[in-house]
Amino acid sequence: DDYTGVIQISNLKPATQYRYQLSIEGEPQTSQLDFRTMPKAGEPAKFEIGFGGGAGYTPQFNHMWTTLAKQAPAAFLMMGDNVYIDDPTHPMTQRYCYYRRQSEPLWKSFIASTAMYSIYDDHDFGVNDCIPGPDIDEPAWKRPVWQVFKQNWNNPGFGGGEKQPGCWYDFQIADVHFIMLDGRYYRDKEGGSMLGPVQKTWLMETLKKSTATFKILASPVPWSPGVKPGSKDTWDGFNDERNEIFSFVHANQIDGVVLLAADRHRSDLRRIPRKDGYAFNEVMSSRLTNVHTHGLVENAKGSEFVIGYNEKCSFGLLNFDTTAKDPTIQYTIINIDGEPVGEATLKLSQMQSR
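## A few points about the overall build of the protein chain
Inference 1: Looking only at helices and strands, the protein chain has 7 helices and 18 strands in total.
Inference 2: Relative to the globule expectation of 20 Å for 354 residues, the C-alpha radius of gyration of the protein chain, 19 Å, shows essentially globular dimensions.
Inference 3: If one aligns the C-alpha atoms of the protein chain with their principal axes, the spans along those axes are about 65 × 50 × 40 Å.
Inference 4: Per-residue burial for the protein chain yields a buried fraction of 54% across its 354 residues.

## Digging into the packing of helix α6 (residues 197-209) against helix α7 (residues 239-251)
Inference 1: The contact between α6 and α7 brings their axes to 10 Å, and the two run at 20 degrees. In terms of orientation, α6 lies roughly parallel with respect to α7. Between α6 and α7 the crossing geometry is right-handed. In contact with K200, L203, M204, L207 and K208 of α6, α7 contributes E241, E244, I245, F248 and V249.
Inference 2: Considered class by class, the residues forming the contact of α6 with α7 number 6 nonpolar, no polar and 4 charged.

## Re unusual backbone geometry
Inference 1: With an omega of -5 degrees, the peptide bond running from E138 to P139 counts as cis.
Inference 2: Relative to the elements of secondary structure, P139 occurs in the loop between α4 (122-125) and α5 (142-152).
Inference 3: Within the chain, A72 stands out as a residue other than glycine whose phi angle is a positive 55 degrees.
Inference 4: You can see A72 is positioned in the loop between α1 (64-71) and β6 (75-78).
Inference 5: Judged by its relative accessible area of 52%, A72 falls in the exposed class.
Inference 6: Residue A174 is not a glycine yet carries a positive backbone phi of 55 degrees.
Inference 7: Here A174 lies in the loop between β8 (169-173) and β9 (176-180).

## A closer look at the packing of aromatic side chains
Inference 1: Applying the stated rule across the entire model yields 26 aromatic pairs.
Inference 2: A centroid spacing of 5.8 Å and a plane angle of 20 degrees characterise the contact between Y18 and F35, whose relative ring orientation is stacked. One end of the pair, Y18, is in strand β1 (residues 17-20); the other, F35, is in strand β4 (residues 33-36), with 17 residues separating them in the sequence.
Inference 3: Among the residues examined, Y18 registers a relative accessible area of 23% and is labelled partly exposed.

## Digging into the pairing of strand β17 (residues 328-335)
Inference 1: Within β17, 7 of the 8 residues are buried, which leaves the element mostly enclosed by the surrounding structure.
Inference 2: For strand β16 (residues 314-321) and β17, the ladder comprises 8 bridges, and the chain directions are antiparallel. In the strand pairing of β17, G316 is matched with I333.
Inference 3: The turn joining β16 and β17, which pair antiparallel and follow one another in sequence, is formed by 6 residues.
Inference 4: Both β17 and strand β18 (residues 340-347) contribute to a ladder of 7 bridges, which runs antiparallel.

## Some words on the sheet that holds strand β11 (residues 257-261)
Strands pair in a sheet through their backbones, by hydrogen bonds, and they do so in one of two ways: parallel or antiparallel.
Inference 1: If you trace the 8 strands from one edge of the open sheet to the other, you get β8-β9-β10-β11-β13-β12-β15-β14, paired in mixed fashion. Edge positions in the sheet fall to β8 and β14 (299-300), since each of these pairs with one other strand and no more.
Inference 2: Taken together, the 5 bridges between β9 and strand β10 (residues 214-219) define a ladder with parallel strand orientation. Counterpart to M180 in the pairing with β10 is A218.
Inference 3: Strands in contact with α6 are β8, β9, β10 and β11; relative to β9, the strand with the most contacts, it is inclined by about 175 degrees.
Inference 4: Set on the sheet, α7 makes contact with β10, β11, β12 (267-272) and β13 (280-285); between it and β13 the angle comes to about 135 degrees.

## A short note on the sheet that holds β17
Inference 1: The 6 strands lie next to each other as β7-β6-β5-β16-β17-β18, forming an open sheet whose pairing is mixed. The sheet terminates laterally at β7 (115-118) and β18, the two strands that pair on one side only. Adjacent strand axes in the sheet meet at a mean angle of 20 degrees when their direction is disregarded.
Inference 2: Where α1 meets the sheet, its contacts fall on β5 (46-52), β6, β16 and β17, and the angle it forms with β16 comes to roughly 10 degrees.

Conventions used here
- Residues numbered from 1 in each chain as written.
- Predicted model: local features only at pLDDT ≥ 70, side-chain atom pairs only at ≥ 80, totals over all residues.
- Heavy atoms only, no water.
- Helix = DSSP H or I, 4+ residues; strand = E, 2+ residues; numbered from the N terminus.
- Rg over C-alpha atoms; globule rule 2.2 N^0.38 Å.
- Buried < 20%, exposed > 50% of the residue type's maximum accessible area, 1.4 Å probe, protein only.
- Axes fitted to C-alpha atoms, helices over the stretch in contact; angles between N-to-C directions.
- Parallel < 35°, antiparallel > 145°, perpendicular 65-115°, else oblique.
- Left-handed = near helix turned anticlockwise from the far one by under 90°.
- Contact = heavy atoms within 4.5 Å.
- Nonpolar A, V, L, I, M, F, W, Y, C, P; charged D, E, K, R; others polar.
- Phe/Tyr/Trp six-rings, centres within 6.5 Å; stacked < 30°, edge-to-face > 60°.
- Pairing = 2+ DSSP bridges.

This is the structure we're talking about:
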């Protein structure tokens, strides 16, 4: 809807470069553009994806989209605060903020050649650090905000649909399983849940059934303890639910789980030690275009700092190689000028229960 057309193209081959041009009634509407199809689902492959959040509309940093287009990742994950709205009761304000971004030429060039996936966080769903509660239609602005979000992102799913709105869904590239979570719609302080019962059940069933080499759990806010000192807006505010998820992973011997997050205006790699299983690695990035910066947190109780960067705008790049004898993920922090500024390699052998 919202004056959007969908064109379905069939018989494309996996891992293949294609060139296309959009014409209407014979008149070209765009220049020629390229895209590359995904590797075949379920099979080992080498590929890279980018991710990040914190994408306020700041014209001086719009060239981030050109930097990303030159990187040409197989996909890009928008991890929340993708636009800054902070006005959940006025759909016209929300549409204005989206249209301003979606009509920006450098952004349009980037997404015209890149598979995009998104979840929301507080600034593009409600207001700062919002806790809307467990009800589907209370506050009354929840569903309209969700509908505007759906109009602006081409995700493969949106929670449980009209009966159970949300932005959670999953998809697979090669033998890597991406599980995208909604950390806002059902966030309930009194009930002690960030996800709500329906999403949490879906998450655990999805994890248990997954046969992928790596399972990427993408949250709009950090999993790691202590990374937002003094705040309960991260998973620190929902510690019991966090422990429930982590314990479920280890009790069911689910290997290859990697945590992904945004919210903090910097790029990090942290490690969360566990007594009952392997340590979880968390990769974070959320300063795509934001002016505001958060400091690095090198000493936090409950999690270990590995690498971090906050000097300039940046994004995270994950380079997967599941063809290796010991499959790996190389995490690289790349700044707005296209410069690698931090790097670490994660191995599957370090993420195994047995």
